[in-house]
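Take a look at the letters that make up each chain.
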Amino acid sequence: MALFLVLYLTAFDGRPLTVTLLYGVRTFLPPYAICKQIDKTSGCLACFGLDFNSIALQAGSKSAANLAVSSVVFCNFLIGYRLFLASLPPVMSNSTSSPTLTRSGGQLIVDALQIHGVDTIFGVPGESYLPVLDALHEHKNNPGNIKAPIRFIINRQEGGSAYMAEAYGKLTGKPGICFVTRGPGATNASIGVHTAYQDSTPMILFIGQVGNDFVEREAFQEIDYRRMYGQMAKWVAQIDRADRVHEYVARAFQVATSGRPGPVVLALPEDMLSQHVALANIPAMRHYSAVQASASQAQIEELSARLAKAKRPVVILGGGGWNTAACNHIQRFAEIQNLPVACAFRFQDLFDNQHANYIGDVGIGINPKLAERIKQSDLVIAIGPRLGEMTTGGYSILEAPVPKQSLIHIHTDALELGRVYQADMLINSGMPQIAASLAALPVLGNWQANVEQARAEYIANQTEAPIFKDGKQPLNLWQVVQDLRAAVPADTIITNGAGNHTTWAHRYYRYGQMRTQLAPTSGAMGYSVPSGVAAKIVHPERTVITFAGDGEFMMNGQELATAAQYGAGVVVLLFNNGMYGTIRMHQEREFPNRQVGTELHNPDFAALARAYGGSGEVVTQTAEFAPALQRALAFSRDKKLPALIELRYDGNLITPGATLEAIRNVALGSK
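The structure reproduced in this document is the subject of the present report.

About the thresholds
- The written sequence of each chain sets the order in which its residues are numbered from 1.
- pLDDT decides what is reported in this predicted model: residues at 70 or higher carry local features, side-chain atom pairs at 80 or more are listed and counted, and totals for whole chains, interfaces and linings draw on all residues regardless.
- Just so you know, side-chain values use all the structure's heavy atoms and leave hydrogens and water out.
- We define a salt bridge as a side-chain nitrogen of Lys or Arg found within 4 Å of a carboxyl oxygen belonging to Asp or Glu.
- Here a strand is any run of E in DSSP of at least two residues, a helix any run of H or I of at least four, and the numbering for each starts at the N terminus.
- Here, strands pair whenever DSSP counts at least two bridges between them.
- Every axis in this analysis is a line fitted to C-alpha atoms, fitted for helices over the stretch in contact. Angles between the N-to-C directions lie between 0 and 180 degrees.
- Here a residue-residue contact requires only that any non-hydrogen atoms of the pair lie within 4.5 Å.
- Note on aromatic contacts: the rings of Phe and Tyr and the six-membered ring of Trp form a pair at centre separations within 6.5 Å, being stacked when their planes are under 30 degrees apart, edge-to-face when over 60 apart, and tilted otherwise.
- Only lysine NZ and arginine CZ atoms are considered, and such an atom sits over a ring when it is within 6 Å of the ring centre and within 35 degrees of the ring normal.
- Only protein chains enter the accessibility calculation, which uses a 1.4 Å probe. A residue is then buried if its area is under 20% of the maximum for its type, exposed if over 50%, and partly exposed in between.
- The directions from the helix axis to the C-beta atoms form the arc being described.

Tallying each qualifying case throughout the model produces 22 salt bridges. Arg584 is the salt-bridge partner of Glu588, the closest N and O atoms lying 3.1 Å from each other. With Glu588 and Arg584 both in helix H22 (residues 581-590) and 4 residues apart, this pair spans about one turn of that helix. Overlapping salt bridges bring together Arg103, Asp111 and Glu138 as one network.

Quick look at the structure:
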């Protein structure tokens, strides 16, 4: 008996005691103790290999009859008990002490996202990744989840999803997460991936993919994403096995955030998402840790020596990988050394524009005096920017490949250094690392006069545009920006897409702390509304203002429905001039009086905003704007819904410095 107990308790250790005992009985009952028919004459003893007739001869007929009845009762008991045991869950065949637990590929994806700190996903649902959606439902309704559930923000088009994920990456420094379905979903999302790549924004795009059993057959919506995204992402891969989900996702986060931040694309075959893996075969995971290079002490000493010798130094900030601490350290560096600081195209929020050392932005529509100052500089310290076409004025402010100025180029990616410019110093470093080193330097010189003059030139460039000074224009767009600046707090987030309307923000608005500007250096249209909605979702306590052109708004304006659904009270300033203004401007410059393909017939944008559940107003006079803005701000704050102000104005007002008519006349005069 003792041996019997040891055997079944060992074999079934880990189950509840009652189940263990039942399993033990079922296991150790002899296999022939399963009577399917009962012979009332011979009873059931035959089942146990006993000869009933020989027993009857020895015990007598009366005893034999009693034995037969007893055997029938016992047999019936065994039959019922055996049937009950057969209904119990089967015994696991593995050697572990408990039943094998498994997770599907879809569940593993969500597990990995939670481990890496993901709190928000942007996307459009698709049948190709249904197991992930189901895992998100499980995650959301798991009472044992110690972290806040991951939010899935449902968008109206994948381009909006990808833009929102990119904006999230800019705002937080963490990879923005986007999920889209295969084929059309992936191609729609490509615009956000390209934007993230050129803007050096951490982002991970997950794409549902055809199953491995259908691959390479041009199955329904099948695309080879390694080839499609090869030149616009840092890494593109496909997870073919569920047991490697954690490995791939961990690498995706690592690649997206290390060195030069950027987008990663992971394809998820349908069969992999449904495949189950034993928990024992799933590796443990840790939260990702971004890796950045750092300048050596020798490099810091050489930089210091070059700066100490300079007479007309200029600092240009830009690129990705910045955080608040890095921006604060750079400001400290500029203050100690009394250096003039400019910001690259659409990175104006890396340095407080109200600071005495800030001298303007280096990009499209650059202040001519700032461009000349950089050309005449004897030392340019470029911290972070790629020094691309927009920042260098078509490679003219800094001549390529060897600029006339002494150049120190500092960048997060070693492959970017020396790619275009052969600088005097090339330093591979993360922004927090180099900023901390520069802030610790002693005073190396005094360039106070340069700073004051450059700052004065910046202020002068922000005065009212000449085209409004005669007072003949019903709507003064310069005054619109002045009213906006006076009405919103310093931490307001300004978003915009692409188009001539963005000039009014870039030139006349003064950006405050880091990440008060969301704008695509890639020049992508359709970015303004999705990025504004994302900003309000990430920072519901902050004011968010979106500058949108009429043509640009129509590309992703449907995301106002997303704003209404999630209570994102963004305020949209819609500049309606009835045309694709930037293209029309270039047409008049190159082919005057030959306008084709730029005229727009627009809807009633204010009514459209109201149809989405928000508020909408039309402003045509300068005096109307400030009160309309106050109403919009109050509505967005109190109702937590989007508000839109449509600014209708003459399309001839194309830039602060020139009208379309003036551009056309100059072009005609040169013909």
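Okay, back to it.
Let us look at the sheet that holds strand S11 (residues 358-362). A sheet is described by the order of its strands in space; here 6 strands give the open sequence S11-S10-S9-S12-S13-S14, paired in parallel fashion. Lying at the two open borders of the sheet, with one neighbouring strand each, are S11 and strand S14 (425-428). Here the strands of the sheet are splayed against their neighbours by 20° on average, with no regard to which way each runs. With 5 bridges connecting them, strand S12 (residues 379-383) and strand S13 (residues 406-411) associate as parallel partners. Paired with Leu379 across the two strands is Ser406, which belongs to S13. Strands strand S9 (313-317), strand S10 (341-344), S11 and S12 of the sheet are contacted by helix H14 (residues 368-375), whose axis makes an angle of about 95° with S11. Of the strands in this sheet, S9 and S11 touch helix H16 (residues 448-461), which is tilted by about 55° from S11.

For the rest of this paragraph, the subject is the packing of aromatic side chains. As enumerated under the stated definition, the model contains 15 aromatic pairs in all. With a centroid separation of 5.5 Å and an interplanar angle of 20°, the aromatic rings of Phe547 and Phe575 are classed as stacked. A residue pair is termed long-range when its members are at least 10 positions apart, and Phe547 in strand S17 (residues 544-549) and Phe575 in strand S18 (residues 571-576) qualify at 28 residues. Chaining the aromatic ring pairs together yields one cluster made of Tyr129, Phe179 and Phe206. Just above the ring of Trp235 sits the side chain of Arg251; from NZ or CZ to the centre is 4.0 Å.

Considered for burial, the residues of H22 that qualify are Gly581, Arg584, Met585, Gln587 and Glu588. Taken down its axis, H22 places every buried residue within 160° of arc, on the same side. Its buried side turned inward, H22 meets helix H25 (660-669).

Turning next to the sheet that holds strand S6 (residues 235-238). The strand order S3-S2-S4-S5-S7-S6 describes an open sheet built from 6 strands, whose pairing is parallel. This sheet does not close on itself; its edge strands, each paired only once, are strand S3 (151-154) and S6. Strand-to-strand twist of the sheet, defined as the mean angle between neighbouring strand axes without regard to direction, takes the value 20°. Sheet analysis places strand S2 (residues 120-123) next to strand S4 (residues 176-180), joined by 3 bridges and oriented parallel. Note on S4: the bridge partner recorded for Ile121 is Ile177. Across the sheet, helix H8 (residues 184-199) lies against S4, strand S5 (203-209) and strand S7 (263-269), angled at about 165° from S5, the strand it touches most.

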